[in-house]
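Spelled out, the chains give:
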Amino acid sequence: MSPFSAKPTLTGDLVLLRPVTEDDVPALMPVLGDPEVTRLTGSHTAFDEPALRAWYGSRGAADDRLDLAVVERATGRVVGEAVLNEWDPGNESCAFRIALGPGAAGRGLGTEATRLIVGHAFGALGLYRVWLEVYAFNPRARRAYEKAGFTAEGVLRGALLWEGERVDATVMSVLAPEWAAARG
């Protein structure tokens, strides 16, 4: 059985991360369709409701990744998603990504969600390395990742073509010993 087979609920002060389901599609459509979210995540995909329902309806059975809804505890609203994917079991590594909708930025929701899911990757899943890519036009996210313990490793030059412009992506990671040392 894969460590990604278990779909946990992770609780913080501001957010609750829980398994995403097909029922979350109405809340996630505005997030995934928001022009600023698509730009900051570099997504060229236009999502339609039937495709999203099929995708999120299948996440519970996925044993190679973990897709969690980010729920704001104060309101009970789904404000985004946090994902561990690109699992590399031989190297005890995976990628991380997060997308939060309009109105969720700047309130600590993403920082806490990041800490919860990355903490789960190291504590419960026993991973050694969690990595991500952040685009050059998203300095706010980069600062949040640095606050959570991620370190820049290098730059993928011209990794994204966005509206005719080439945009660099910085690869960042955090290692289990760094994570443990930062949390005492």
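Note that residues are indexed from 1 along each chain, following the sequence as it is written. Only residues with pLDDT of 70 or above have their local features reported here, since the model is predicted, and side-chain atom pairs are shown and tallied only from 80 upward, although totals for entire chains, interfaces and linings are computed over all residues. With hydrogens and water set aside, each side-chain value is computed from the structure's full complement of heavy atoms.

1. What about unusual backbone geometry?
Here is step 1: With a phi angle near 50 degrees, Glu86 is a residue other than glycine that sits in the positive phi range.
Here is step 2: What counts as a helix is a DSSP run of H or I of at least four residues, what counts as a strand is a run of E of at least two, and both are numbered from the N terminus. Along the chain, Glu86 falls in strand E4 (residues 78-88).
Here is step 3: In this model, Glu92 sits at a positive phi of 50 degrees, which is unusual for a non-glycine residue.
Here is step 4: Take Glu92: it is sitting in the loop between E4 and strand E5 (93-100).

2. Concerning the layout of surface pockets
Here is step 1: Site definitions follow a grid-based scheme: protein atoms alone, a 1 Å grid, a 1.4 Å probe that fits but cannot get out for cavities, and for pockets an open set with protein on both sides within 12 Å along at least five of seven lines, plus lining residues having an atom within 4 Å of a point. Grid points are joined across faces, edges and corners, and a volume is the space filled by probe spheres set on the points. Put simply, the largest pocket is a space of about 1,200 Å³.
Here is step 2: Together, 48 residues line the largest pocket, and Thr41, Ile98, Ala99, Leu100 and Tyr145 are the ones closest to its centre.
Here is step 3: Mapped by element, the contributors of at least two residues to the lining of the largest pocket are helix H2 (35-41), helix H3 (49-57), E4, E5, helix H4 (109-123), strand E6 (129-135) and helix H5 (139-147).
Here is step 4: Only Asp, Glu, Lys and Arg are considered charged, only Ala, Val, Leu, Ile, Met, Phe, Trp, Tyr, Cys and Pro nonpolar, and every remaining residue, Gly among them, polar. Its residues placed into classes, the lining of the largest pocket shows 23 nonpolar, 15 polar and ten charged.

3. A closer look at the nonpolar core
When a protein is soluble and globular, its nonpolar side chains tend to lie buried together.
Here is step 1: Ranked by internal contacts, the top residues of the largest apolar core, which has 34 residues, are Leu17, Leu84, Phe96, Val130, Tyr145 and Phe150.
Here is step 2: The biggest single contributor to this core is H4, with seven residues.
Here is step 3: Every residue in contact with Leu17, bar those within four places of it in the chain, is listed here: Pro8, Thr9, Leu10, Leu68, Ala69, Val70, Ala113, Leu116 and Ile117.
Here is step 4: Among buried residues, the Ala, Val, Leu, Ile, Met, Phe, Trp, Tyr and Cys ones that are joined through side-chain atoms within 4.5 Å form a nonpolar core. Burial status follows relative accessibility: with a 1.4 Å probe on protein chains alone, a residue under 20% of its type maximum counts as buried, one over 50% as exposed, and anything between as partly exposed. With nine residues, the next largest nonpolar core counts Leu52, Tyr56, Ala69 and Val78 among its residues. Working rule for contacts: check all heavy atoms of both residues, and any pair within 4.5 Å makes them a contact.

4. Observations concerning the environment of Ala144
Here is step 1: You can see Ala144 is positioned in helix H5.
Here is step 2: Sequence spacing of Ala144 and Glu112 is 32 residues, and the spatial spacing of their C-alpha atoms is 9.7 Å.

5. Comments concerning the environment of Gly149
Here is step 1: Checked against the element boundaries, Gly149 lands in the loop between H5 and strand E7 (151-162).
Here is step 2: With residues near it in sequence (within four places) discarded, Gly149 still touches Ser173 and Val174.

6. Section: the packing of aromatic side chains
Here is step 1: Two rings from Phe, Tyr or Trp (for Trp, the six-membered ring) form a pair when their centres are within 6.5 Å of each other. A pair whose planes differ by under 30 degrees is stacked, one over 60 is edge-to-face, and the rest are tilted. In total, this model carries six aromatic pairs according to the counting rule given.
Here is step 2: Taking 5.0 Å as the distance between ring centres and 50 degrees as the angle between the ring planes, the aromatic pair formed by Phe4 and Trp87 counts as tilted. Here Phe4 is found in the segment before strand E1 (10-11), whereas its partner Trp87 is found in strand E4, with 83 residues between them in sequence.
Here is step 3: For Phe4, a relative accessible area of 1% gives the class buried.
Here is step 4: Here Trp87 falls in the partly exposed class, since its relative accessible area comes to 25%.

7. Structural notes on the side chain of Thr114
Here is step 1: The residue Thr114 is located in helix H4 in this model.
Here is step 2: Apart from the residues lying within four places of it in its own chain, the contact partners of Thr114 are Phe96, Ile98, Ala148 and Phe150.

8. Quick notes on the sheet that holds E4
Here is step 1: DSSP bridges decide pairing: two strands pair if at least two such bridges lie between them. On the basis of which strands lie adjacent, the open sheet formed by eight strands has the order E1-E2-E3-E4-E5-E6-E8-E7 and mixed pairing. Both edges of this open sheet fall to E1 and E7, since each of them pairs with a single strand only.
Here is step 2: In this description, a line fitted to the C-alpha atoms serves as the axis of each element, helices being fitted only across the stretch in contact, and the angle between N-to-C directions of two axes falls anywhere from 0 to 180 degrees. Strands E4 and E5 of the sheet are contacted by helix H1 (residues 25-33), whose axis makes an angle of about 75 degrees with E4.

9. Concerning the side chain of Asp24
Here is step 1: By the secondary structure assignment, Asp24 is in the loop between strand E2 (15-19) and H1.
Here is step 2: Overall, the relative accessible area of 4% leaves Asp24 in the buried class.
Here is step 3: Any N or O atom pair separated by 3.5 Å or less is treated as a polar contact, with the protein-specific requirement of one donor-capable and one acceptor-capable atom, and with residues adjacent in sequence counted only for side-chain atom pairs. A distance of 2.9 Å separates a polar atom in the side chain of Asp24 from the backbone nitrogen of Thr21.
Here is step 4: Sequence-distant contacts of Asp24, defined by excluding residues within four places in its chain, comprise Arg18, Pro19, Ala69 and Val78.

10. Description of the pairing of E4
Here is step 1: The buried count for E4 comes to eight of eleven residues, which makes it a mostly enclosed element.
Here is step 2: The sheet contact formed by strand E3 (residues 66-72) and E4 spans six bridges and is antiparallel. Of the residues in E4, the one forming a bridge with Asp67 is Val83.
Here is step 3: Here E4 folds back onto E5, and the loop between the two strands holds four residues, one of which, Glu92, carries a positive phi near 50 degrees.

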